Amino acid sequence: MALDDSVLLRTEGRAGYITLNRPRALNALTHPMVRTIDAALAQWEPDESVAVVVISGAGERGLCAGGDIRAIHADAVAGTNASIDFWRDEYRLNARIARYSKPYVALMDGIVMGGGVGISAHGDVRVVTERSAVAMPETGIGFVPDVGGTHLLAQTPGELGTHLALTGTAVGAADALLCGLADHFIPSSRLSEFTASLAGLDAAEAVRRYAQAPPEGELARQREWIDKCYAAGSVEEILDRLLDHGDPAAKEAAETILTRSPTALKVTLAALRRARQLGVLELVLDQEYRVSCAGLSQPDLVEGVRAQVIDKDRRPRWSPAELSGVTDAHVARFFEPLGEGELRASGSTR
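Rules behind the numbers
Residues numbered from 1 in each chain as written. Predicted model: local features only at pLDDT ≥ 70, side-chain atom pairs only at ≥ 80, totals over all residues. Heavy atoms only, no water. Helix = DSSP H or I, 4+ residues; strand = E, 2+ residues; numbered from the N terminus. Rg over C-alpha atoms; globule rule 2.2 N^0.38 Å. Buried < 20%, exposed > 50% of the residue type's maximum accessible area, 1.4 Å probe, protein only. Contact = heavy atoms within 4.5 Å. Areas by Shrake-Rupley, 256 points an atom, 1.4 Å probe, with all protein chains shown as cover. Lys, Arg positive; Asp, Glu negative; His and termini not counted. Charge placed at Lys NZ, Arg CZ, Asp CG, Glu CD. Pairing = 2+ DSSP bridges. 1 Å grid on protein atoms, 1.4 Å probe; cavity = no way out; pocket = protein on both sides within 12 Å on 5 of 7 lines; lining within 4 Å. Points joined across faces, edges and corners; volume = space filled by probe spheres on them.

A. Focus on the overall build of the chain. Along the backbone of the chain there are 16 helices and 9 strands. By the compact-globule yardstick of 20 Å for 350 residues, the chain fits well, its C-alpha radius of gyration being 20 Å. In terms of principal-axis extent, the alpha carbons of the chain reach across some 60 × 45 × 40 Å. Scored against the burial criterion, the 350 residues of the chain give a buried share of 55%. Of the contacts made within the chain by residues no fewer than 6 positions apart, 73% connect residues no fewer than 24 positions apart. Total accessible area computed for the chain in this model is approximately 14500 Å², and 49% of it derives from carbon and sulfur atoms. Put simply, the chain has 36 plus and 47 minus side-chain charges, and the middle of one group is 1 Å from the middle of the other.

B. A look at the pairing of strand β5 (residues 104-108). Burial within β5 is extensive, with 5 of its 5 residues counted as buried. As defined by bridge partners, strand β3 (residues 52-57) adjoins β5 across 3 bridges and the pair is classed as parallel. Residue Val54 lies in a different strand from β5, and its bridge partner there is Val105. Relative to strand β7 (residues 125-128), β5 runs parallel, the two being bridged by 4 bridges.

C. Inspection of empty space enclosed by the protein at higher detail. For the structure on display, the rule yields 2 cavities of 30 Å³ or more. Within this model, the largest cavity holds a volume of roughly 60 Å³. When residues of the lining of the largest cavity are traced back to their parent elements, those giving at least two are β8 (133-135) and α5 (149-154). At 3 residues, the largest contribution of residues to the lining of the largest cavity is made by α5.

Remember, this is a structural readout, not a statement about activity or role.
Structure representation (C-alpha cells):
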C-alpha cells in the first residue's frame, strides 16, 4: 500500500499502525506521505479485523514537525501549484481523521507542529508525554495556521488559542490538555508498552491502564492577562494591551509577536474569529485552503522560510514591514472564494 518507505504500515492483532518514517527531517509530511496515510485509513475503515488505528513518528525527536516547508518554498519561488495540490489532499485527510469511524490514536510525543497537529489533534484519542511540544508556528514563516488549526485554536478556553496562534508558542502536555489539543498524558517511558497493548486491548481500556496526571503547565496561571489582552479587536490593540499589562510574560508575548509577519498576524486573527463563527471543521478547512492558496503568492511566505529554514539568519524582511501597512482590504483578499478551485473538504461538490 505504501508509495515509499516514508510511511510504514502494519497490522498486529486488532490494530493498524502508521509510522511516519523521516526521522532526520523530523517526520515532515510530503505529498506522497499524505496520500499513503489517506489510503491506509480508507482501506482499514471497512476492515473488520482492524479495530483501532495508531499513528506515531519514527525516531526520538517527535511525531511530525509539519509539512515539508522546503518543498513549499521551492514551489512558491517557482510559481508552480504543487503546494496547492498537497494542501487539497492534506486538508481532506484532516477531515477524514476527524470523522473516522474507528478509534484513531495519535502519539503526540516530542515535536508536534503544523501539519503534525493536523494528523493528530483531530483524532479522538490524543496522547501527549513529558517530551511533547505542540505548536502552530506559522506566523513565524509568514504563513497562517492551517490543517484545521484555526478550528482547534478557536475552541480553546478564553483567548488561549489566539495567544498560541499569534505567537506560535509551543506548549507542553498539561497546556495541550488544557487547550483541548490532547486528551491523555502517558509518560514516554511507557509509550511503547501502551502502543503494543492496543493490538489486544480496547483503546479506552488501554488509556485507563496507562494514563496519568501530567506535570504542571503554565497557561492556567496566565489566563488573566491572556484573556484580557487577546480579546481586543485588532493585532495593534492586542499588542498595546500586552505591553501595558505589567506581567513580564505579557511583555514577552508582545516581543514575540513583533517578530512575526505583520500580514500573517492580521490574517491569522481574522481567520480565528471567522472560524469561531463557522464552527464546522470542514467549513474551516475550506477557509484555510483559500487563505493558504492566497498566501502562496505572497512575499512573506518565501521570505519567512528563507530566513528560518534556508539561510537560517533569523532576520526576515517582511513586506509590509509594519502592521500599519496591512490594510483591511489586503486581509479580505485572503478569504475570497476560489470558484471552481474551492476545496470542499468533505470531498463532495456543490
